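Residues per chain are reported as follows:
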Amino acid sequence: AQTVTQSQPEMSVQEAETVTLSCTYDTSESDYYLFWYKQPPSRQMILVIRQEAYKQQNATENRFSVNFQKAAKSFSLKISDSQLGDAAMYFCAYRSARRRRDNYGQNFVFGPGTRLSVLP
Amino acid sequence: DVKVTQSSRYLVKRTGEKVFLECVQDMDHENMFWYRQDPGLGLRLIYFSYDVKMKEKGDIPEGYSVSREKKERFSLILESASTNQTSMYLCASSLGQYLLNTEAFFGQGTRLTVV
């Protein structure tokens with residue numbers, strides 16, 4: 001079974017600075033998808049960024065980018081120019097791309113989360 | 001936009017009660033999920049439904065059951081609520097085809113307190 005680890009329960013960053021959140025995962029598969037989700041105090045989970053394992057290029061979405069190291073099974077999230085609205089819980093997630101016998105998709109495996117505080 | 005709606009944001013129930021948590025999605029997604037969220041443990045999968053009337057146990061199914069009679073609706077049932085089921089419950093949905101890199105879309109969560 002796959003597992004996802006986030007070794008930083010809490011992090012803080014000064015407004016306008018850059019912060020990197022760590023995520024590692026354990027899998028024997030070669031095809032999979034990785035995601036970062038944000039959960040603000042409103043509790044609504046929002047997708048921040050996604051990465052396909054077969055793509056070597058790191059995904060980028062505006063101020064958010066990832067450092068995907070497949071061999072190391074590492075998937076860190078970098079937030080540039082941090083804003084107060086970035087304060088939230090961040091979850092790393094894994095989804096296998098392995099084909100099921102019934103052709104349906106696999107479920108998602110989440111890490112324990114990192115609580116990010118942004119200091120004014 | 002995909003919308004996943006959970007019937008309650010907050011719920012207080014008594015020990016031993018049968019509890020129903022309802023979830024509805026409006027994007028014709030095959031897959032639906034129920035997760036439990038606890039501090040330091042992240043999201044743990046309770047049950048996964050990959051299509052109507054199809055379900056699989058997740059990591060922590062004990063004390064829970066599910067029902068999916070229609071594609072858009074996925075219900076989580078606590079047969080006899082206990083205090084250790086006090087938690088945040090998150091429903092999610094996604095497209096089902098294995099070839100698609102599709103994310104999970106979440107509801108707003110139900111914070112359940114069992115007293």
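Scroll up a little and you will see the structure.
Please read these numbers as outputs of a predicted model, since none were measured by experiment.

This part is about the overall build of chain A. Secondary structure assignment for chain A yields zero helices and 12 strands. The order of helices and strands in chain A, counted from the N terminus, is β-β-β-β-β-β-β-β-β-β-β-β. The C-alpha radius of gyration of chain A comes to 14 Å, within 12% of the 14 Å expected for a compact globule of 120 residues. Across its three principal directions, the C-alpha atoms of chain A cover 50 × 30 × 25 Å. By residue count, 49% of the 120 residues in chain A fall in the buried class. In chain A, the proportion of contacts linking residues at least 24 apart, taken out of those at least 6 apart, comes to 57%. Accessible area of chain A: about 6,000 Å², with a carbon and sulfur share of 45%.

The next point concerns the overall build of chain B. Broken down by element type, chain B carries zero helices and 11 strands. Listing the helices and strands of chain B from first to last along the sequence gives β-β-β-β-β-β-β-β-β-β-β. Taking 115 residues into account, the globule formula puts the C-alpha radius of gyration at 13 Å, and chain B, at 13 Å, falls close to it. With respect to the principal axes defined by its C-alpha atoms, chain B has extents near 45 × 30 × 25 Å. Scored against the burial criterion, the 115 residues of chain B give a buried share of 54%. Contacts spanning at least 24 positions in sequence make up 55% of the contacts within chain B whose residues lie at least 6 apart.

Before going further, it helps to spend a moment on the sheet that holds strand β1 (residues 4-6) of chain B. Residues and elements named next belong to chain B. Strand order in the open sheet formed by four strands is β1-β3-β8-β7, and the pairing between neighbours is antiparallel. Where the open sheet ends on each side, the last strands, each with one partner, are β1 and β7 (64-70). Neighbouring strand axes in the sheet, compared pairwise and without regard to direction, differ in orientation by 20 degrees on average. Two strands pair when backbone bridges link them, and strand β3 (residues 19-25) and strand β8 (residues 73-78) are joined in this way by six bridges, in the antiparallel orientation. Residue Glu 22 lies in a different strand from β8, and its bridge partner there is Ser 75.

Glancing now at the pattern of salt bridges. Across all of its chains, the model carries nine salt bridges over all chains by this definition. Its salt-bridge partner being Arg50(A), residue Glu103(B) comes within 2.9 Å of it at the nearest N-O pair. Taken together, the residues Glu103(B) in the loop between β9 (87-94) and β10 (105-106) and Arg50(A) in strand β6 (residues 46-52) connect one chain to another. According to the relative accessible area criterion, Glu103(B) is buried, its value standing at 11%. Between Asp28(B) and Lys71(B) there is a salt bridge; the shortest N-O distance is 3.3 Å. In this pair, Asp28(B) sits in the loop between β3 and β4 (31-38) while Lys71(B) sits in the loop between β7 and β8, placing the two residues 43 residues apart along the sequence. Under the relative-accessibility criterion, Lys71(B) is labelled partly exposed at 23%. Bridged by salt links that share partners, the residues Asp28(B), Glu30(B) and Lys71(B) form one connected network.

Let us now look at the state of the cysteines. Summed over the entire model, instances satisfying the criterion amount to two disulfides over all chains. Paired through a disulfide, Cys23(A) and Cys92(A) show a sulfur-sulfur distance of 2.0 Å. Disulfide Cys23(A)-Cys92(A): the torsion about the S-S bond is -70 degrees, which places it as left-handed. Of this pair, Cys23(A) sits in the loop between β3 (19-21) and β4 (24-26) while Cys92(A) sits in strand β10 (residues 88-96), placing them 69 residues apart in sequence. For Cys92(A), a relative accessible area of 1% gives the class buried. Between the sulfur atoms of Cys23(B) and its disulfide partner Cys91(B) the distance amounts to 1.9 Å. Looking along the S-S bond of the Cys23(B)-Cys91(B) disulfide, the torsion reads about -80 degrees, which is the left-handed sense. Here Cys23(B) is found in strand β3, whereas its partner Cys91(B) is found in strand β9, with 68 residues between them in sequence. The class of Cys23(B) is buried, set by a relative accessible area of 0%. Looking at Cys91(B), the relative accessible area reads 0%, which means it is buried.

The subject of this paragraph is the interface of chain A and chain B. The partner chain B presents 35 residues to the 26 residues of chain A that form the contact. Taken together, chain A and chain B are joined by one salt bridge. Here chain A is connected to chain B by 12 residue pairs in polar contact (both at pLDDT 80 or more). At the level of secondary structure, the elements contributing two or more residues to the side of chain A that touches chain B comprise β5 (32-39), β6, β10 and β11 (108-110) of chain A. Top element by residues in the side of chain A that touches chain B is β5(A). It accounts for four residues. Among the residues making up the side of chain A that touches chain B, the classes are represented as 11 nonpolar, eight polar and seven charged.

Thresholds applied
Residues numbered from 1 in each chain as written. Chains lettered and ligands numbered in written order. Predicted model: local features only at pLDDT ≥ 70, side-chain atom pairs only at ≥ 80, totals over all residues. Heavy atoms only, no water. Helix = DSSP H or I, 4+ residues; strand = E, 2+ residues; numbered from the N terminus. Rg over C-alpha atoms; globule rule 2.2 N^0.38 Å. Buried < 20%, exposed > 50% of the residue type's maximum accessible area, 1.4 Å probe, protein only. Contact = heavy atoms within 4.5 Å. Areas by Shrake-Rupley, 256 points an atom, 1.4 Å probe, with all protein chains shown as cover. Pairing = 2+ DSSP bridges. Axes fitted to C-alpha atoms, helices over the stretch in contact; angles between N-to-C directions. Salt bridge = Lys/Arg side-chain N within 4 Å of Asp/Glu carboxyl O. Disulfide = S-S within 2.5 Å. Polar contact = N/O pair within 3.5 Å; in protein donor to acceptor, adjacent residues only side chain to side chain. Nonpolar A, V, L, I, M, F, W, Y, C, P; charged D, E, K, R; others polar.

It is worth stressing that arrangement in space is one thing and function is another; only the former is reported here.
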